[in-house]
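# Geometric and topological summary
What follows is the residue order along each chain.
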Amino acid sequence: MRLKEIDEGKAKLLIPDPEEFRKEGKFDPSWAPVFYNPRMIFNRDFSVVIVHFLSPKTIVDALSATGIRGIRYYLESYTADEIIFNDRNKDSVELIQKNIELNKVPNTKVFNKDANSLLYEIKSDFVDIDPFGSPSPFILSSINAVKRGGFVAYTATDLAPLEGRARRSCLRKYFTFNYKLSLSKEIGLRVLISKVIQESAIMEKSVYPLISYYSDYYYRVFFRVINGAKKADEVLEKLGFIYECQDCGYHEISHTQCIDKCSYCGSKNIKTVGPLWLGNLIDKDFVNGLSQNLEKFSYLKYYDKIRSIVDLLLNESNYVGYYNLDFLASKHKTNVPAVSKMIECLGDASRTHFDTKSIKTNKKFEDILLCIKNLSYYR
Ligand SMILES: C[S@@+](CC[C@H](N)C(=O)[O-])C[C@H]1O[C@@H](n2cnc3c(N)ncnc32)[C@H](O)[C@@H]1O
């Protein structure tokens, strides 16, 4: 394999030369013997920031590929004494060794194991799971590997099941009865969180989302892990269901799946999704602290994007209701109002990072419909 040296953040990185694996002028990172995806630089930039504020002393990069994550955590998050790298692919492990040397990372261990077997042998302050597709096969083992009071993060790129487009796959991987709804971008993240909560509860542990978001083609969630059966029971209480009326567009949460009609218009044409997480998607104190000290990461390629998503996450976390304006306008046969006009009309609402055509608000459904109708009339 021919190697090429690139820079990412403060790291120098050897990756398989894409030119060698190009087919008919095209290149996909999965065609190379070791995986390196430049489309995930934002994910890694943001992770470097978040990990800095978590301050773990030991880190496991359980699915390392080139080793870029663990190396960047050492070079840029400035908190870890020891980084453990792992990949079941032998070519990866050879490249990880070279990249560790290139970046002079001390105190490392590199394993060539199945991540699940490794994660049952070790304990760490922070475990990062960044798989191809769903993180579900690694949830139980990764929670097991987190030390008391530690942290775990997951990337999930399998949006089709999470957003309800692949319903059977969602049931298999997340044990959620899912449908594609107008608020499925947010629901997908809540389905993923619900699965992690359920798996943790098996081990009498509970997890709390510190920061979670959607970007490009994936979800990313960082959790704090707490021990104790009682706490696990309390978190499970916050799992539930949500239904969306296919006639009027109203949606409501419920703690039971047995909902037979829309409580706004009485229609029986409703779709119910669950179990899913009904609690907060971020820990406001944690994200506020991160937001106030973000400047030290202004050298990052995606600093501006991190700043804007952090601001949006904080703002939208004040609201529960999620309304896609295209969907509501189609149900009520109005023009689609501009998001800015809807926010102005409601007075108390936010844009959402999930989708540029949706808003978040705690206003009553009647008020939302009134704004849509008035804005449509005056267009
Ligand atoms: C999406 S890539 C990781 C990308 C990397 N974290 C990054 O930021 O560039 C997933 C990696 O997991 C490895 N992998 C897949 N299944 C595994 C398993 N069960 N145990 C260990 N490694 C595995 C693959 O070889 C691949 O290198």
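As annotated in an unreviewed UniProt entry, the protein is tRNA (guanine(26)-N(2))-dimethyltransferase from Acidianus brierleyi. Note on the protein: under the UniProt heading Sequence similarities (unreviewed entry), the record states "Belongs to the class I-like SAM-binding methyltransferase superfamily. Trm1 family." UniProt's Catalytic activity (unreviewed entry) comment on the protein is quoted here verbatim: "guanosine(26) in tRNA + 2 S-adenosyl-L-methionine = N(2)-dimethylguanosine(26) in tRNA + 2 S-adenosyl-L-homocysteine + 2 H(+)".

A few words on the state of the cysteines. This model, assessed by the stated rule, comprises one disulfide. The side chain of cysteine 345 participates in a disulfide bridge whose partner is cysteine 371; the two sulfur atoms lie 2.0 Å from each other. As the torsion about the S-S bond is roughly -85°, the cysteine 345-cysteine 371 disulfide counts as left-handed. Placement of the pair is cysteine 345 in helix 13 (residues 339-346) and cysteine 371 in helix 14 (residues 365-377), with a sequence separation of 26 residues. A residue is classified by how much of its surface remains accessible, and cysteine 345, at 36% relative accessible area, is partly exposed. Residue cysteine 371 is classed as buried on the basis of its relative accessible area, which comes to 6%. Here cysteine 265 stays unpaired: no disulfide links it, and the sulfur of cysteine 245, its closest cysteine neighbor, is 3.7 Å away. In this structure cysteine 265 comes out as partly exposed when scored by relative accessible area, which is 40%.

As a further point, take the pattern of salt bridges. Side chains that differ in sign of charge can pair as their charged atoms come close. Enumeration over the complete set of coordinates arrives at 23 salt bridges. Between arginine 22 and glutamate 19 there is a salt bridge, with its nearest N and O atoms 3.1 Å apart. For aspartate 45, the salt bridge identified is with arginine 72, shortest N-O distance 2.7 Å. Separated by 27 residues along the polypeptide, aspartate 45 in helix 1 (residues 41-54) and arginine 72 in helix 2 (residues 68-77) bring together distant segments of the chain. The exposure class assigned to aspartate 45 is buried, which follows from its relative accessible area of 1%. Look at arginine 72 and you get buried, because its relative accessible area is 1%. In this structure, a network of salt bridges that share partners links the residues Glu8, Arg44, Asp45, Arg72 and Glu76.

When its volume is computed, the largest pocket comes out at roughly 800 Å³. By residue class, the composition of the lining of the largest pocket is 17 nonpolar, 10 polar and nine charged. Within the residue set of the lining of the second largest pocket, elements represented by two or more residues are helix 8 (184-202), strand 11 (251-254), strand 12 (270-277), helix 11 (303-316), strand 13 (321-324) and strand 15 (355-361). A per-class count over the lining of the second largest pocket returns 17 nonpolar, 10 polar and seven charged. Taken domain by domain, the makeup of the lining of the second largest pocket includes at least three residues from each of domain 1 (3-235) and domain 2 (320-379).

Spatial strand order, 5-4-3-6-7-9-8: seven strands in an open sheet with mixed pairing. In this open sheet, the two strands that pair with only one neighbour each are strand 5 (108-111) and strand 8 (205-215). The sheet shows a mean angle of 15° between the axes of neighbouring strands, direction not considered. By the bridge criterion, four bridges tie strand 4 (residues 82-86) to strand 5 in an arrangement that is parallel. Across the sheet, the residue bridging to isoleucine 83 is threonine 108, located in strand 5. Along the sheet, helix 9 (residues 229-236) contacts strand 8 and strand 9 (218-227); its crossing angle with strand 8, the most-contacted strand, is approximately 40°.

In the vicinity of the ligand lie 18 residues, with Arg44, Arg69, Asp87, Ala115 and Asp130 positioned nearest. For the ligand, a nitrogen atom lies 3.2 Å from a polar atom in the side chain of aspartate 114. Measuring from a nitrogen atom of the ligand, one finds a backbone N or O atom of alanine 115 at 2.8 Å. For the ligand, whose unbound accessible area comes to 610 Å², protein coverage reaches 92%. Here the ligand occupies the largest pocket.

In this numbering, the UniProt entry assigns the feature "binding site: Zn(2+)" (unreviewed entry) to Cys245, Cys248, Cys262 and Cys265. The named residues occupy 21 residues along the chain; their greatest pairwise C-alpha distance, 8.7 Å, places them in one compact cluster. With respect to the helices and strands, cysteine 245 occurs in strand 10 (residues 239-245). Once you skip the residues sitting within four places of it in the chain, cysteine 245 turns out to touch Tyr250, Cys262, Cys265, Ser267, Asn269, Ile270 and Phe327. The topology assignment puts cysteine 265 in the loop between strand 11 and strand 12. Residues in contact with cysteine 265, not counting those within four places in the same chain, are Cys245 and Cys248.

Attention now moves to a positive patch on the surface. A contiguous patch of positive charge, built from Arg167, Arg168, Arg172 and Lys173, is present on the exposed surface. Here arginine 167 shows up in helix 7 (residues 167-174).

The topology assignment puts asparagine 178 in the loop between helix 7 and helix 8. Taking relative accessible area as the criterion, asparagine 178 reaches 0% and is therefore assigned buried. A distance of 3.1 Å separates a polar side-chain atom of asparagine 178 from the backbone oxygen of proline 161.

The rules we used
Residues numbered from 1 in each chain as written. Predicted model: local features only at pLDDT ≥ 70, side-chain atom pairs only at ≥ 80, totals over all residues. Heavy atoms only, no water. UniProt positions renumbered as here; feature names shortened; annotations may be inferred. Disulfide = S-S within 2.5 Å. Helix = DSSP H or I, 4+ residues; strand = E, 2+ residues; numbered from the N terminus. Buried < 20%, exposed > 50% of the residue type's maximum accessible area, 1.4 Å probe, protein only. Salt bridge = Lys/Arg side-chain N within 4 Å of Asp/Glu carboxyl O. 1 Å grid on protein atoms, 1.4 Å probe; cavity = no way out; pocket = protein on both sides within 12 Å on 5 of 7 lines; lining within 4 Å. Points joined across faces, edges and corners; volume = space filled by probe spheres on them. Nonpolar A, V, L, I, M, F, W, Y, C, P; charged D, E, K, R; others polar. Domains from an automatic or database assignment. Pairing = 2+ DSSP bridges. Axes fitted to C-alpha atoms, helices over the stretch in contact; angles between N-to-C directions. Contact = heavy atoms within 4.5 Å. Near = heavy atom within 4 Å. Polar contact = N/O pair within 3.5 Å; in protein donor to acceptor, adjacent residues only side chain to side chain. Areas by Shrake-Rupley, 256 points an atom, 1.4 Å probe, with all protein chains shown as cover. Sits in = over half its atoms within 2 Å of the grid points. Patch = residues over 30% accessible without salt bridge, like charges linked within 9 Å, V, L, I, M, F, W, Y side chains within 5 Å. Lys, Arg positive; Asp, Glu negative; His and termini not counted. Charge placed at Lys NZ, Arg CZ, Asp CG, Glu CD.

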